[in-house]
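# Close look at the chain arrangement
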Amino acid sequence: MTALVPLAGPSVGVTPYVYHQGRIQLYEDVGFTAGTQGLHYGTGVFEGIRAYWQPETAQLHVVRLAEHYRRFLASAGMLRLEIAESVDELCAATAELLVRNDYRGDCYLRPIAHKLALLPGASFGVKLSGLSTALSVYAVPMPRAPLSRSARAQVSSWRRIPDTALPAHGKITGSYANVALAVDEAESNGYDEAILLNVRGTVAEAGTANVFLVRDGHLITPHEGSDILAGITRRCVLEMAVRLGDRTVEREVARSELYTADEVFLTGTGCELLPVTEVDGRVVGDGRIGPVTARYAESYRAAVTGQASEYAPWSTTVQLNDPAN
Ligand SMILES: Cc1ncc(COP(=O)(O)O)c(C=O)c1O
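A quick note: this is a predicted structure, and the numbers were derived from the prediction, not measured.

### Examining the overall build of the protein
- Looking only at helices and strands, one finds seven helices and 19 strands in the protein.
- A compact globule built from 325 residues should have a C-alpha radius of gyration of about 20 Å, and the protein, at 20 Å, falls within 12% of that.
- In terms of principal-axis extent, the alpha carbons of the protein reach across some 60 × 55 × 35 Å.
- Buried residues in the protein amount to 53% of all 325 residues.

### Describing the pairing of strand E17 (residues 272-279)
- Taking burial as the measure, the eight residues of E17 include eight buried ones, the bulk of the element.
- Judged from the three bridges that link them, strand E10 (residues 151-155) and E17 form a sheet pairing that is parallel. Directly across from Ala151, in E17, lies its bridge partner Val276.
- Sheet topology note: the strand E16 (residues 263-268)/E17 ladder contains five bridges and is antiparallel.

### Quick notes on the side chain of Lys171
- Mapped onto the secondary structure, Lys171 falls in the loop between E10 and helix H4 (176-188).
- Of the buried charged residues, Lys171 lacks a salt bridge, with Glu47 as the closest side chain of opposite charge at 5.7 Å.
- The contacts of Lys171, once residues within four sequence positions are left out, are Gly44, Val45, Phe46, Glu47, Gly48, Arg71, Ser75, Tyr176 and Leu229.

### Considerations on the state of the cysteines
- Across all of its chains, the model carries zero disulfides by this definition.
- Free cysteine Cys271: the closest other cysteine sulfur is in Cys236, separated by 12 Å.
- In this structure Cys271 comes out as buried when scored by relative accessible area, which is 15%.

### Section: the domain arrangement of the protein
- Parsing the protein into structural domains produces domain 1 (5-141) and domain 2 (151-306).
- Each of domain 1 and domain 2 has a C-alpha centre, and the two are 26 Å apart.
- The partner domain 2 presents 22 residues to the 22 residues of domain 1 that form the contact.
- Both sides of the domain 1 and domain 2 interface together cover about 1800 Å² of buried area, and 60% of this is carbon and sulfur.
- Contact with domain 2 buries area across many residues of domain 1, yet Phe46, Arg64 and Arg71 alone supply 31% of it, more than any other trio.
- At the junction of domain 1 with domain 2, the criterion picks out three salt bridges.
- Between Glu239 and Arg64 there is a salt bridge, with its nearest N and O atoms 2.9 Å apart.
- Seen at the junction of domain 1 and domain 2, the total is 12 residue pairs in polar contact (both at pLDDT 80 or more).
- Mapped by element, the contributors of at least two residues to the side of domain 1 that touches domain 2 are strand E5 (44-46), strand E6 (49-54), strand E7 (59-63), helix H2 (65-78) and strand E8 (107-118).
- Here the side of domain 1 that touches domain 2 is built from residues that sort into nine nonpolar, eight polar and five charged.

### A look at the site of the ligand
- In the vicinity of the ligand there are 16 residues, among which Lys171, Tyr176, Glu205, Thr233 and Thr269 approach most closely.
- A distance of 2.6 Å separates an oxygen atom of the ligand from a polar side-chain atom of Thr233.
- Placement of the ligand is best described as lying within the largest pocket.
- Going through the elements one at a time, helix H5 (232-244) and E16 are the ones with two or more residues in the shell around the ligand.
- Its residues placed into classes, the shell around the ligand shows four nonpolar, eight polar and four charged.

### Observations concerning unusual backbone geometry
- A positive phi angle is found at Arg64, which is not glycine, with a value near 45°.
- With respect to the helices and strands, Arg64 occurs in the loop between E7 and H2.
- Within the chain, Arg80 stands out as a residue other than glycine whose phi angle is a positive 55°.
- Among the structural elements, Arg80 can be located in the loop between H2 and helix H3 (87-101).

### Re the environment of Gly77
- If you trace the backbone, Gly77 turns up in helix H2.
- Given a relative accessible area of 47%, Gly77 falls into the partly exposed group.
- The sequence separation of Gly77 and Ala34 amounts to 43 residues, and the corresponding C-alpha distance is 25 Å.

### Considerations on the layout of surface pockets
- Of the voids in this model, the largest pocket is the one considered here, and its volume is about 670 Å³.
- Lining the largest pocket are 34 residues, and of these Gly207, Thr208, Ala209, Gly270 and Cys271 sit closest to its centre.
- In terms of residue class, the lining of the largest pocket is made up of 13 nonpolar, 12 polar and nine charged.
- Here the lining of the largest pocket gathers at least three residues from each of two domains, domain 1 (5-141) and domain 2 (151-306).
- What lines the second largest pocket is a set of 16 residues, and nearest its centre among them are Phe32, Leu39, Ile112, His114 and Tyr138.
- Looking at the lining of the second largest pocket, the elements with two or more residues in it are helix H1 (37-41), E8 and strand E9 (131-141).
- The element contributing the most residues to the lining of the second largest pocket is E8, with three residues.
- Across the lining of the second largest pocket, the residue classes tally to eight nonpolar, seven polar and one charged.

Reading the values: the criteria
- Residues numbered from 1 in each chain as written.
- Predicted model: local features only at pLDDT ≥ 70, side-chain atom pairs only at ≥ 80, totals over all residues.
- Heavy atoms only, no water.
- Helix = DSSP H or I, 4+ residues; strand = E, 2+ residues; numbered from the N terminus.
- Rg over C-alpha atoms; globule rule 2.2 N^0.38 Å.
- Buried < 20%, exposed > 50% of the residue type's maximum accessible area, 1.4 Å probe, protein only.
- Pairing = 2+ DSSP bridges.
- Lys, Arg positive; Asp, Glu negative; His and termini not counted.
- Salt bridge = Lys/Arg side-chain N within 4 Å of Asp/Glu carboxyl O.
- Contact = heavy atoms within 4.5 Å.
- Disulfide = S-S within 2.5 Å.
- Domains from an automatic or database assignment.
- Buried area = accessible area lost by both parts, 1.4 Å probe.
- Polar contact = N/O pair within 3.5 Å; in protein donor to acceptor, adjacent residues only side chain to side chain.
- Nonpolar A, V, L, I, M, F, W, Y, C, P; charged D, E, K, R; others polar.
- Near = heavy atom within 4 Å.
- 1 Å grid on protein atoms, 1.4 Å probe; cavity = no way out; pocket = protein on both sides within 12 Å on 5 of 7 lines; lining within 4 Å.
- Sits in = over half its atoms within 2 Å of the grid points.
- Points joined across faces, edges and corners; volume = space filled by probe spheres on them.

So, in structure tokens, the structure goes:
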């Protein structure tokens with residue numbers, strides 16, 4: 001198994017190679033200075049992409065890779081980050097990175113682009129132009145979670161930053177201070193997840209996941225104008241619903257609907273489909289993982305791990321050398 005390089009502490013390792021400034025190099029050789037502009041002002045964008053390991057075929061199945069990079073470039077455009085690579089080139093670089101690392105396990109890819117340094121003649125200060133851009137992609141291990149896990153959520157006292165203040169549809173590093181405050185509050189109060197309302201007081205999303213409610217067999221989720229990131233996993237669920245013949249409704253969702261729903265679950269690349277069994281101390285449904293949530297969580301897992309041929313177009317397969325050959 002590939003030896004991991006310590007990333008942020010003893011419990012998190014990163015695979016040894018990183019794609020950085022157009023080439024694959026050792027993670028340890030990439031350094032940033034205290035003058036890194038994106039660090040000062042939150043002017044960076046990122047993605048989170050999962051790859052699921054299939055030992056039988058020695059392949060990694062990367063989930064909706066091109067779609068993630070399309071969102072990445074769209075986010076980058078909002079901050080005038082100049083990225084030379086096209087979506088196809090980023091996909092190819094990512095596949096090459098996975099091959100080079102030869103990491104044989106489920107992992108999470110983190111592309112990140114941010115303002116790097118002032119260009120000659122540019123003055124010090126908060127801005128989007130007159131700055132160079134850094135782009136890196138690296139991978140960390142992230143095993144798939146057991147389908148039996150669930151979460152208790154608290155509606156946060158922190159509101160989701162409105163799109164009128166910071167683009168909600170961009171994955172902008174600076175906006176995650178909002179998430180960190182909400183997550184910190186929820187965890188301090190003994191909950192697993194925070195659910196944020198928008199400034200209008202309706203449900204927006206969880207810290208890094210979208211919210212779904214199940215009522216009378218229908219799936220309900222806040223619409224894209226609710227100051228949410230339009231999640232790719234959210235889209236997967238909406239597409240699965242079409243195949244499964246379930247009705248979906250994208251609309252404003254009142255906080256109190258979280259208390260009266262039959263089932264609640266979260267969707268995100270990291271959390272996959274996460275059942276919520278309690279909100280603000282109120283039990284959701286009968287307090288167990290509901291049948292609709294369970295069905296979607298199983299279908300999603302089958303889809304992303306190459307077990308369901310109808311969802312094969314979701315995955316980009318990356319072949320590692322099979323040591324048996
Ligand atoms: C704020 C926010 N909302 C929702 C999501 C879920 O998006 P996706 O399903 O594309 O991972 C994420 C994770 O990327 C997120 O950071």
